[in-house]
Amino acid sequence: MPNHRATLVITRKFSSTPYLLLLSLYVVTVGLYIGLRFNWRWQDGDALLLTQLSENVFIESQLIPSAGAYAFGYAYQALNTFLAHLTGYSVTSLQTYVQPFLVVLLVPVAYITYHAFTGSRVVAALATLFLFLQSEFIFESLRSSHAKLTWILALTMLFLLARSLRQRNGPTTLGSWVIAFYLVAFALITSSVFFSSSYFVGIGFAFLVSRLIPRFSQKQVSFIAPTEWRRLSYIVLSCLILVFIFLFHVYPPALNQVNTLNTIVDQVVSLLLGVEDTGTNPYRYIGVTWISSEIYVILTSLNYLILGISFAGWLNLLRQIIGRSNKEVNVGRLLLALFYTSFAALLAISVVLDLAGALSANMQVRIFPHLMVVAIPLATLTLVDALRTLGSHQNFRYRTGMAILVLAVPLFSAFSLIKATNDPLFSHQWLFHSAMELEALEWTKSKLHNTTVWVGPDDRLRTLVRLDSQWRSQGIAEAYEANAEVRYFLLSDIMRAQASRKGDALPDIWSRLHIYDNGTAELYYRRTATPYQR
Amino acid sequence: MKNKPSLLPSAIIHLKLPLMLLRVIILSILFLISTPSTLASSTPIIITEVTQFDIDGDGVISLTVVDCVFATEHDRVLIYDQNRNMLTGNRWEEITDFQNDIWIFDVGADGTAQLIIDFEVEGDKYIALVYDDIDENGEVAYRTLGGQVIIEESSYWHVKVESSQAWTHAGDQFNPQLTYFVDGYEGLGQGVGNTGMTTQEAGYDGIVDWQLNIGDGDYDGINDYQLQRAISPILVQRSNPALHKSVIFSQVISRQPTVYTDTVFWSLLIGKHPYEDYRYFDHTPVIAVDWERGIIDRIGILGFPIEEGYHIFSRLPLEKHTTNTVNFENPMAYFDMANDQDGWPELQVRFDAAVPYDPYFPFPYQGTIESPNLEVNYSWDQDNDNRWDYKINLGANYPLDEVVEFPDFAIKSVPYDTLVPWVKNHTWDVAMLVFDGRPSSDSEGMFGKGWMMFRGYADGESIEPSGVKNEFLMGFSDLPPTENYQDIQVGMRGEYSFQYFATPRIYLSVLDRQLHLLGAQSGIWNLDEDHYLRYANLDGDAYLDQWQEEHNGIVVQQVNYSHGFFVYIGNNNVLLKQTNIPPALIESQPPGNYEEWQNLDAQLRLSQTASSPNDFLSLLDEISGPEMHIQGATLRDFRPTPQGFRFILELPSGYIARSDLENLGSLPETAGNYLVEYDGNEWSIRIATPPSLHVTDFQLNPYDSEMHALEWVAVEAIVRNDGLEDVDDLLICTTFDGPDGQQLVMTDTVALIPGGGERSIGWQWSPETDGNWTIVVATNCAESESGEGQGEILLREAVTLTYGRPTSQQWLLTLGGGVSPMIAVLFVLLAGLSGTLGILWYRESQVMAEESSTNLSANHQRSN
């Protein structure tokens, strides 16, 4: 009896169309769920900022509007403006009701990219599903910010790169791949120059690593011809030149953003590693944000599994590439291994720099998603290979492994929904507001001027206020601390619930005047103690 | 420095070569044997030789070379005719002109130019375009071409001066209405401050950055004001607070300016001078050149400050032909209060004004403060030694809205003539008096040291901002920053009131014969290192009534005044002295004119005492009245009461008392502590019982009707003292012990719990959790490690709390009812959908595996 387990190969093509349609339905439903979960008042600072900045572009018909431009690029605002003109809907409506669903465009892009890397439809299909179960990715791409566009372009760029390396059909076809690559690369730069620059550095670093392989390899390595490697180094250099041109000649707001960073180290690291000034300390994140660290670990367990499995897969690939193994490694998998190496190394460098104190306190490492996007296909590849080694479909261990995998999917889906939305059932960091809170803010804005209002202990309502130019024009400042400067306090049922949940006290309103109440949100006025207070 | 091969064109060399050679040799020898040094600034020019040349050989003289002395022992000036009208002769005044000649100043006659002036006439305007060294190589690069001078140093002049009158020669009176233009960020004028730009950002770009006008408002031939203002967009938009975008100098007494005796050919051109020794409007306007460096040093009327006049340094730009709002030092005024015209003012009034939404209001409130703010420094020199003795600082949120007119612009300010009465007639929210026992000169009044609204003093350092102007007067703090006004520089005395609300007044104390701020709340005199006099106003009336001498933080003697009695304690001596002399010998406003200044001086002389301000006994000796002297006794806890005062008298055995006071009677013979009270008519002496504290009432007042966790509760305790002795500075602690071991300690220091009286003490408490809490009110708990126990426990109370608004899972799911619970169904559906995806993926891969297992050999190398 032949040993089937050892030589199992796939003979029939994976039927991807119904699978991808179902996956698209899933992604759209996730968008619908998030909208309904918070009555379409799910808010995010970046999304609100981009709403305002897209409005600026729409109103002024300028990529760099005088009312304010996005510091990282213009592509997303341009897309919003285009859609607004095309559909006749307002930018705000598009941002609230349309953009979250455009995440569905990522489904085919991620699939073809992963297919190009792994050479397997089975692996690509599962990896794409895992990508949309990864909570950070779903959060980034579902919110109405440039992230989904950026990821569409970044994944397309990787796809084009992988395809161009696999292309053997002559210079003309290769040329069309190269042209497409540069177009997408420039589009990526216009979407987010810092994201793109760190991505290019990652790609460059990957190619640099590849040049070192022959030194360590115990066999003749000839995956890619030397001319191809030269071309790849040109790609990276050309892309970095495009970044330079964009920064210094095309889009001045991006250069201004670089200049705002405190130190040269911050500036260089921002460009090379994608570290961003977020104003928060990321290492306190878990303790402040989640009801328990155990919950956080459970909700993010997919990340650890992916990282662990992908690391094992990376070791295996490494063994195949430089070890004595006779197994051939195709270009896609080689690229995957190289990108994994590169982004993992850059992440490690960023973290070391941050922990070593080379960066300013509020700089935050943002390269983790870069790593995850390549770790997911690598982990899936490893997982599928491992399952195959368990035996045929009739094998109990194989079936058990498959069953666990299939059953884990809805579990991780639930985790990702909870984590991505910071669901109030589990999270302390609430990312929504109520209509009545908005009404209270409007009333405050209509009645006050030149004063300071406390609008909550976190950024929840503060984000709304900060992006409202009328607050600024009327000289109304918002405050975190309920100190002596603060004359007014806006409290709501949501704030009370959140404070109750966290065990925090809200500001003392004991002796304050209760001057506004709409049922669930109130405004209090601190009585004057001197003739100079109003 | 670059050396030019020859300053003169070749044609000239051919014409007069022998003579020139001889001159060059002589001058070179002179140059070598003597190091060229800049001459004294007041030395008039000396002409050594005048030579003329026909440069282009057309028979017309076009160059006059004047060898002279104006900056070194040998300098040279080359005057190129630009209009074929140069005359021949040997008197430069007659053969050259300031209308179309170009003057090249060669300091040291070394062939380089240090300054070039191109004189022109445009219509009815006489123009001088001045070029100096801008690349810091010590010379102004130029070349000549057929008699034409081509300036290569820069395409743009640095300073342009414009006049409606023809320019005059050195030493002549020159009194036109002048306008200067400066192309460069450095304003060159007096008082324009600092742009904050780097030296690389010079701004020599052909855009005029500054305009300076010298005006004669009444057309009497005397310059009345000088206005310099930033006009280029880059300067107007610059936000550096050290940059004064509008600078106005104005004199009040019209005086003919003195002409500089050392002007260099042109009546506007001088070398560097010690300008700070001059007063503004003493001299004629000039362009002052640093000949050593070849740069323009200053322009305009130079000198600072003035005996009678004012200037305005504003951070806001100013426009002509409109009424301008200006801020900062608006105005800085000087008054000859002694009428002695000695060049030194005796009164200086400095305004520091912030306009509504002032972009220069202190950080972080720039541009956000609706209220205007005004600080006045009112400094005067009482003994006319040109040093500032006293200063009154006043603060309030007044706008400056009176219009002061100039010929072609106006500003909102306070007119100079009404400035002093304006200050004296307004009521002020905050007032301080500073006396400097070691006075010094300062061009801005008593500005460099001592307190101000914006500056306090603590731990040996000035505190800026101190919190009065930028927080308290803006309403950003509930209490004034008294902690920043508990110290002052050595030799200075400061007194303040942060709730003044009166016109500024001073008084001469009957006790120490010093001028004090009427209505002061507190004060301090730094006599020496760790040696202070501290003043207090215990009864809140207009006069200071407590003097304490403090050495190294310990009070060594003290005097109190109340209801006609001085009470002294020091060195185991107690003195009670009765007087019917009021606490103030005189009361007045600070002097604002000669008569007031003289009157005050007379009063100060009349009441002068030889006793030092900390020799309390000697000062009390100078006050007549009946007294009681108790030797060996001590006294403490003096405090005024509504009708009189009280204190604890500690009588040891064997004390000696002598008295001619009426009503007090005899003291107890038994040693002990006695409460002595005076009610305005009668004395009483009782044995002082020690403090006995207990809580008479304790309340927990929640914001709503019930107390809940995480909601605020007002905690109030009434502490009563049944003893006769007061309790001062009592630390009261309330400890809240929670059900899970939580402990919160709140403390409060109560200044006084009077003997036989009570005080209410309150805290705001937000219990962090529900359950049973124990509240303990105790005294002096900080002395124990646990915060409880060592002090006296006044009260222990148990309270049970519940969560008022518990956040249920239902609330969290529906977000308080705003979301349908059906959202949970959608959540489950999504999970199911993802599970379907997993199954679909499994089925697809399963089919493949089944099929592939039967076709292994045929498809060994195929990839899917």
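Residues numbered from 1 in each chain as written. Chains lettered and ligands numbered in written order. Predicted model: local features only at pLDDT ≥ 70, side-chain atom pairs only at ≥ 80, totals over all residues. Heavy atoms only, no water.

Draft legend 1. Looking closely at the overall build of chain A. Within chain A, the regular secondary structure consists of 23 helices and seven strands. Sorting the 534 residues of chain A into buried and exposed places 57% on the buried side. The contacts of chain A with a sequence gap of at least 6 include a subset with a gap of at least 24, amounting to 77%. Of the roughly 21900 Å² that chain A leaves accessible, carbon and sulfur atoms contribute 63%. (Helix = DSSP H or I, 4+ residues; strand = E, 2+ residues; numbered from the N terminus. Buried < 20%, exposed > 50% of the residue type's maximum accessible area, 1.4 Å probe, protein only. Contact = heavy atoms within 4.5 Å. Areas by Shrake-Rupley, 256 points an atom, 1.4 Å probe, with all protein chains shown as cover.)

Draft legend 2. Up close: the overall build of chain B. When helices and strands are counted, chain B shows nine helices and 51 strands. Taking 2.2 N^0.38 as the reference for a compact globule, 864 residues should give roughly 29 Å; the C-alpha atoms of chain B span a radius of gyration of 41 Å, well beyond that estimate. Structurally, chain B occupies a C-alpha span of about 130 × 115 × 50 Å along its principal axes. Counting every position in chain B, which comprises 864 residues, the buried fraction comes to 56%. Considering only intrachain contacts with a sequence separation of at least 6, the fraction spanning at least 24 residues in chain B is 61%. Put simply, chain B shows about 35700 Å² of open surface, and 49% of that area lies on carbon and sulfur atoms. Put simply, chain B has 46 plus and 125 minus side-chain charges, and the middle of one group is 3 Å from the middle of the other. (Rg over C-alpha atoms; globule rule 2.2 N^0.38 Å. Lys, Arg positive; Asp, Glu negative; His and termini not counted. Charge placed at Lys NZ, Arg CZ, Asp CG, Glu CD.)

Draft legend 3. Representation of the sheet that holds strand β46 (residues 713-721) of chain B in the model. All names here are of chain B. The three strands are arranged β44-β46-β49 in an open sheet whose pairing can be described as antiparallel. Edge strands, defined here as strands with exactly one partner in the open sheet, are β44 (693-702) and β49 (758-765). Taking each pair of neighbouring strands and ignoring which way they run, the sheet shows an average axis angle of 20°. Here nine bridges tie β44 to β46, and the two strands are oriented antiparallel to one another. (Pairing = 2+ DSSP bridges. Axes fitted to C-alpha atoms, helices over the stretch in contact; angles between N-to-C directions.)

Draft legend 4. Representation of the packing of helix α1 (residues 16-37) of chain A against helix α19 (residues 396-421) of chain A within the structure. Residue and element names in this part refer to chain A. Running from amino to carboxyl end, α1 crosses α19 at an angle of 40°, the nearest separation of the two axes being 11 Å. On the basis of the axis angle, α1 is oblique to α19. You can see that α1 and α19 cross each other, and the crossing is right-handed. Contacts between α1 and α19 involve Tyr 26, Val 30, Tyr 33 and Ile 34 from the former and Ser 413, Ser 416, Leu 417 and Thr 421 from the latter. Classifying every residue of the contact of α1 with α19 by side-chain character gives five nonpolar, three polar and no charged. (Parallel < 35°, antiparallel > 145°, perpendicular 65-115°, else oblique. Left-handed = near helix turned anticlockwise from the far one by under 90°. Nonpolar A, V, L, I, M, F, W, Y, C, P; charged D, E, K, R; others polar.)

Draft legend 5. Geometry of the nonpolar core. In this structure, Tyr 199, Ile 203 and Phe 339 of chain A together with Trp 841 of chain B are the most contacted members of the largest nonpolar core, which totals 146 residues. Counting residues per element, this core draws most heavily on helix α8 (residues 147-166) of chain A, at 13 residues. The residues touching Ile 203 of chain A, leaving out its near neighbours within four places in the chain, are Met 157, Leu 158, Leu 161, Val 236 and Phe 339 of chain A. By size, the runner-up hydrophobic cluster in this structure holds 69 residues, among which are Trp 422, Trp 547, Tyr 568 and Phe 616 of chain B. (Core = buried A, V, L, I, M, F, W, Y, C linked by side-chain atoms within 4.5 Å.)

Draft legend 6. Expanded view of the sheet that holds strand β30 (residues 515-517) of chain B. Residue and element names in this part refer to chain B. Read from one edge of the open sheet, three strands run β30-β29-β37, paired in antiparallel fashion. Each of the sheet's edge strands pairs with one partner strand only, and the pair in question is β30 and β37 (584-588). For this sheet, the mean inter-axis angle between neighbouring strands, taken without regard to orientation, is 30°. Where strand β29 (residues 506-509) and β37 come together, four bridges link them in antiparallel fashion. Directly across from Tyr 507, in β37, lies its bridge partner Glu 587. Against the sheet, helix α6 (residues 594-606) engages β29, β30 and β37, with an angle of about 15° to β29.

Draft legend 7. Fine view of the interface of chain B and chain A. Chain B puts 66 residues into the contact, and the matching count from chain A is 76 residues. For the pair chain B and chain A, the two sides together bury roughly 6400 Å², of which 66% comes from carbon and sulfur. Taken together, chain B and chain A are joined by one salt bridge. Two residues, Asp 478 of chain B and Arg 526 of chain A, come together in a salt bridge whose shortest N-O distance is 2.9 Å. Inspection of the region where chain B meets chain A yields 14 residue pairs in polar contact (both at pLDDT 80 or more). Broken down by secondary-structure element, the contributors of at least two residues to the side of chain B that touches chain A are β44, β46, α8 (809-814) and α9 (823-853) of chain B. Considering each element in turn, the side of chain B that touches chain A owes the most residues, 25 residues, to α9 of chain B. Tallied by class, residues from the side of chain B that touches chain A come to 35 nonpolar, 23 polar and eight charged. (Buried area = accessible area lost by both parts, 1.4 Å probe. Salt bridge = Lys/Arg side-chain N within 4 Å of Asp/Glu carboxyl O. Polar contact = N/O pair within 3.5 Å; in protein donor to acceptor, adjacent residues only side chain to side chain.)

Draft legend 8. Seen up close, the packing of aromatic side chains. This structure, assessed with the given rule, holds 86 aromatic pairs over all chains. Relative to Phe 432 of chain A, the ring of Phe 38 of chain A has its centre 5.2 Å away and its plane inclined at 20°; by these criteria the two rings are stacked. Taken together, the positions of Phe 38 of chain A in the loop between α1 and α2 (45-60) and Phe 432 of chain A in the loop between α19 and α20 (435-447) put the pair 394 residues apart, joining distant regions of the chain. Owing to a relative accessible area of 2%, Phe 432 of chain A belongs among the buried residues under this scheme. One aromatic cluster is present, built from ring pairs that chain together Phe 70, Trp 92, Phe 98, Trp 103, Phe 105, Phe 119, Trp 167, Phe 265, Trp 266 and Trp 291 of chain B. The ring of Phe 328 of chain B carries Arg 315 of chain B above its face, with NZ or CZ at 3.7 Å from the centroid. Positioned over the ring face of Phe 447 of chain B is Arg 455 of chain B, at 5.7 Å from the centre of the ring. (Phe/Tyr/Trp six-rings, centres within 6.5 Å; stacked < 30°, edge-to-face > 60°. Lys NZ or Arg CZ within 6 Å of the ring centre and 35° of its normal.)

Draft legend 9. Just the pairing of strand β34 (residues 554-562) of chain B, in detail. Residues and elements named next belong to chain B. Looking at chain direction, strand β33 (residues 546-551) and β34 are connected through six bridges and run antiparallel. Of the residues in β34, the one forming a bridge with Glu 549 is Gln 557. Linking two consecutive strands that pair antiparallel, namely β33 and β34, is a turn of two residues; a positive phi of about 50° is found at Asn 552 within it. As paired elements, β34 and strand β35 (residues 565-570) share six bridges and run antiparallel to each other. Across the sheet, Ser 562 pairs through a bridge with Phe 565, a residue of β35. Hairpin connection of β34 to β35: two residues between the antiparallel strands, including His 563 at a positive phi of 45°.

Draft legend 10. Highlighting the side chain of Thr 289 of chain A. Among the structural elements, Thr 289 of chain A can be located in helix α14 (residues 285-289). Thr 289 of chain A has contacts with Asn 422, Ser 427, His 428 and Gln 429 of chain A, leaving out every residue within four places of it along the chain.

Draft legend 11. Expanded view of unusual backbone geometry. All names here are of chain B. That bond from Asn 330 to Pro 331 is cis: its omega, 0°, falls within 30 degrees of zero. For the bond from Glu 464 to Pro 465, the omega torsion is -5°, close enough to zero to count as cis. Look at Arg 513: it is not a glycine, yet its phi comes out positive at around 60°. Checked against the element boundaries, Arg 513 lands in the loop between β29 and β30. By relative accessible area, Arg 513 is classed as buried at 18%.

Draft legend 12. Quick peek at the side chain of Asp 81 of chain B. Residue and element names in this part refer to chain B. On the secondary structure map, Asp 81 appears in strand β3 (residues 75-81). For the buried Asp 81, no salt bridge exists, and the shortest N-O distance to an oppositely charged side chain is 6.9 Å, to Arg 84. Among the polar contacts made by the side chain of Asp 81, one reaches the main-chain amide nitrogen of Asn 83 at a distance of 3.0 Å. Not counting residues within four places of it along the chain, the set of residues in contact with Asp 81 comprises Ile 61, Ser 62, Met 86, Asn 100, Asp 101 and Gly 147.

Draft legend 13. Up close: α20 of chain A. All names here are of chain A. Between the first and last C-alpha of α20 there are 19 Å, a value that for 13 residues agrees with the 18 Å anticipated at 1.5 Å per step. Three or more residues of α20 are buried, namely Glu 437, Ala 440, Leu 441, Thr 444 and Lys 445. Along α20, the residues classed as buried sweep out an arc of 135° about the axis, all on the same side. Within α20, the exposed residues directed more than 90 degrees away from the buried face are Ser 446 and Lys 447. (Expected span 1.5 Å × (residues − 1). Arc of directions from axis to C-beta.)

Draft legend 14. Broad picture of the environment of His 433 of chain A. Residues and elements named next belong to chain A. Tracing the sequence through the fold places His 433 in the loop between α19 and α20. Residues His 433 and Val 91 lie 342 residues apart in sequence; the distance between their C-alpha atoms is 20 Å. Apart from the residues within four sequence positions on either side, His 433 is in contact with Arg 41, Gln 43, Leu 438, Arg 460, Leu 461, Leu 464 and Ile 494. Side chain to side chain, His 433 and Gln 43 meet in a polar contact 2.4 Å long.

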